[in-house]
Amino acid sequence: PTELTRFEVFNRPLYTNGKIKALRAKAFDEEGNEYDLGRMEVLSADKSAACNLSENTQIPADAKVVKVKITFEESHSGPLMLSVAEVQFWEKNSAN
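Below, the structure is looked at part by part.

Rules of the game
- Residues numbered from 1 in each chain as written.
- Predicted model: local features only at pLDDT ≥ 70, side-chain atom pairs only at ≥ 80, totals over all residues.
- Heavy atoms only, no water.
- Buried < 20%, exposed > 50% of the residue type's maximum accessible area, 1.4 Å probe, protein only.
- Helix = DSSP H or I, 4+ residues; strand = E, 2+ residues; numbered from the N terminus.
- Pairing = 2+ DSSP bridges.
- Salt bridge = Lys/Arg side-chain N within 4 Å of Asp/Glu carboxyl O.
- Contact = heavy atoms within 4.5 Å.

1. Here's the deal with the pairing of strand E1 (residues 4-10)
A large share of E1 lies buried, amounting to 5 of its 7 residues. Inspection of the sheet shows E1 paired to strand E6 (residues 86-91) by 6 bridges, in the antiparallel sense. Each residue of the ladder has a partner; that of Val9, found in E6, is Val87. Examined bridge by bridge, E1 and strand E4 (residues 48-52) share 5 bridges and lie antiparallel to one another. The residue bridging Glu8 from the neighbouring strand is Ala50, located in E4.

Below, the structure written as structure tokens:
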């Protein structure tokens, strides 16, 4: 599996009733161990929310993150009705 190093969630209300206000993320390594990355608050003016997995202290240095789960909890315009979100992932360069 590809090792993930970073993800970015774009705060664009293309298919939603409003911009993302809060999300929670979890990372999983090759063995299936789960690491809680916590809740991320997103301001309405923010273009995105990013997480550099290699800098997260919840993930051991030798863990290879291969999966990320993102749960959208709240929007800036009331009840969250998110149907589509744009998320970009970065993978580790295998040459390094």
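2. Points about the pattern of salt bridges
Overall, the coordinates contain 6 salt bridges when judged by the stated rule. Notably, a salt bridge pairs Lys26 with Glu34, separated by 3.2 Å at the nearest N-O pair. Lys26 gets classed as partly exposed once you look at its relative accessible area, which sits at 25%. Assessed through its relative accessible area of 46%, Glu34 is described here as partly exposed. A salt bridge links Arg39 to Glu73; the nearest nitrogen and oxygen atoms lie 2.5 Å apart. One end of the pair, Arg39, is in strand E3 (residues 34-41); the other, Glu73, is in strand E5 (residues 65-75), with 34 residues separating them in the sequence.

3. Topic: the environment of Ile59
Along the chain, Ile59 falls in the loop between E4 and E5. Since its relative accessible area comes to 11%, Ile59 is described here as buried. Here the alpha-carbon distance between Ile59 and Phe28, two residues 31 residues apart in the chain, equals 9.1 Å. Those residues within four positions of Ile59 in sequence are excluded, and the remaining contacts are Ala27, Tyr35, Leu37, Leu53 and Val65.

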